[in-house]
Amino acid sequence: MGLVLPPIEAYPVQHLPIVKAYADKMGLVEAINAVVPTEMAIDPGTIGLGMILDTLSGRSPLYRLEEFFTHQDTALLLGKAVAPEAFQDDTAGRVLDRLYATGTMKVFTACAVRADRVFGFDKRYVHFDTTSITVYGEYLPPEDAKEPEVPFRITYGYSKDKRPDLKPFVFSTLCVDRAVPLWGKPEDGHASDKTVNNTLLSDIATFLAKHGVAPGAYIYVADAALVTEDKLAALGDTLFITRLPATYNACGQLIAEAVAHNTWEEVGVLAHTKPTKHRPATSYTASEGEVTLSGTPYRAVVVHSSAQDQRRQQRLARDIQASQSTLETAARTAEQQEYCCRADADAAAAQLRAVPTPSHLVDVTVEERPVYGRGRPSSHKPRPVKALH
């Protein structure tokens, strides 16, 4: 009698075991179960992990989550054999309702803090970032819902992907170790970065101190929207790095002083990628100065980029060429114009000299040209001048 082998089941797991390994290392399922109590037959942490695996595989609709796990090795990806029927949309919907009732950002922060304990994120530099997420359809809150009960509103706003026809909501995050989100909050679809940034400043120190980061032990990195009188006042003693907007007069003064003093410090090449023939490595130099904003002095650093310098030179050459072409066209037109009196010619010359251009000067000379009468000129006497133009 021949040997009968059991049927072999094969599943294309692709990258999902790596995701599962990271989830196990940071205790993702345990973190969700600890903050989301439930008496369901399957724990919310396992459902949450299943949704994450599905999202990182192409993001199926919620009603097709069961179909997704029909073709997956649940024992490998979830740590235990789970029937695909456990991921029907009713079950997943109830878990999402429990997550919402608990507080999605509370769950998110609990998972992020666990990941920080495991991987030891560098929290010396924190920065604020916002992401606009667009959705389709109607999103109306319940009619009896009070304003504080609505966490955020999905409505038409400032679409960063140039789609004003879609309804976005904004997800603001506080990131550490380059781009790892440690804390976040959903905002209204029409919320601007400036408004969200101002609200976040009051929460940064409290949140970081709760997780072992003392005031003064970190540097807050933000974009130019941070440079306003109220935001700088809200920072207090918090160290920060930002870009001074060019709309401030102090920006141009700092650059002019750096160029005049010519005391640049060599920083060198910062890029980790190897340069190529068409993309040479960019080198940086810096010059330190000071700027006073709203009566408070701040340290300022002017950074010079070799690549930016080359781009500016190319742009300057194009501007000079465009200015020269414009003036040459105006000069050719003026050369063909004649005036019947000297006063009109002098006025036109003065107008041509006053043509605004940052790169050229126009020198205009008014010359008299005689207009002779008709007929052949005589060899014995000069031609009669009829008029001077």
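Residue numbers restart at each chain and count upward from 1, following the sequence in its written direction. Restriction of local features to residues with pLDDT of at least 70 applies here, the model being predicted, together with a cutoff of 80 or more for giving and counting side-chain atom pairs; totals for whole chains, interfaces and linings are based on all residues. Computation of side-chain values covers all heavy atoms of the structure but excludes hydrogens and water.

Our next topic: the side chain of Thr-285. Secondary structure is summarised from DSSP: a helix means a run of H or I of at least four residues, a strand means a run of E of at least two, and numbering begins at the N terminus for each. Among the structural elements, Thr-285 can be located in strand E7 (residues 283-293). Residue burial is assigned from relative accessible area. The probe radius is 1.4 Å, only protein chains are included, and a residue is buried under 20% of its type maximum, exposed over 50%, and partly exposed in between. By relative accessible area, Thr-285 is classed as buried at 14%.

Looking now at the confidence of the model for the chain. Looking at any residue, its pLDDT shows the predictor's confidence there, from 0 to 100. Mean pLDDT over the chain: 84, with 94% of residues reaching 70 or higher. Here helix H8 (residues 193-210) stands out as the least confident element of the chain, with mean pLDDT 70; helix H1 (residues 16-26) is the most confident, with 94.

Relative to the assigned elements, Thr-238 resides in the loop between helix H9 (229-235) and strand E5 (239-241). Spatially, the C-alpha atoms of Thr-238 and Val-170 are 25 Å apart, while their sequence positions differ by 68 residues.

Here we come to the pattern of salt bridges. Salt bridges are defined as contacts in which a side-chain nitrogen from Lys or Arg sits within 4 Å of a carboxyl oxygen from Asp or Glu. Summed over the entire model, instances satisfying the criterion amount to eight salt bridges. The partner of Glu-67 in a salt bridge is Arg-64, and the shortest N-O contact between them spans 3.1 Å. For Glu-67, a relative accessible area of 40% gives the class partly exposed. By relative accessible area, which is 37% here, Arg-64 ends up partly exposed. Its salt-bridge partner being Asp-346, residue Arg-342 comes within 3.5 Å of it at the nearest N-O pair.

In spatial order, the strands read E3-E2-E1-E4-E5; together these five strands make up an open sheet with mixed pairing. One side of each edge strand has no neighbouring strand; the edge strands of this open sheet are strand E3 (180-187) and E5. In this sheet, adjacent strand axes meet at a mean angle of 25 degrees when their direction is disregarded. At least two bridges found by DSSP between two strands are what make those strands a pair. Pairing of strand E1 (residues 125-135) with strand E2 (residues 167-176), which is carried by ten bridges, proceeds in the antiparallel orientation. For Phe-128, the partnering residue across the bridge sits in E2 and is Leu-174. Any two residues whose heavy atoms approach within 4.5 Å at even a single point are treated as in contact. For helices, the fitted axis covers only the stretch in contact; all axes are lines through C-alpha atoms, and the angles between them, taken along N-to-C directions, range from 0 to 180 degrees. Of the strands in this sheet, E2 and E3 touch helix H7 (residues 104-119), which is tilted by about 170 degrees from E3.

Turning our attention to the nonpolar core. Counting 58 residues, the largest nonpolar core has Phe-87, Tyr-220, Leu-244 and Val-291 as the members making the most contacts within it. Beyond its immediate chain neighbours, meaning those up to four positions away, Leu-244 contacts Val-227, Ala-250, Cys-251, Leu-254, Val-291 and Leu-293. For the purposes of this section, nonpolar cores are sets of buried Ala, Val, Leu, Ile, Met, Phe, Trp, Tyr and Cys residues that join through side-chain atoms within 4.5 Å.

We now examine H7. Taking 1.5 Å of rise per residue, 16 residues should cover 22 Å, and H7 covers 22 Å from first to last C-alpha, within 8% of that figure. Restricting attention to buried positions, one finds in H7 the residues Met-105, Val-107, Thr-109, Cys-111, Ala-112, Val-113, Ala-115 and Asp-116. Phi turns positive, to about 60 degrees, at Gly-120, one or two residues after H7. A helix is expected to span 1.5 Å for every residue after the first.

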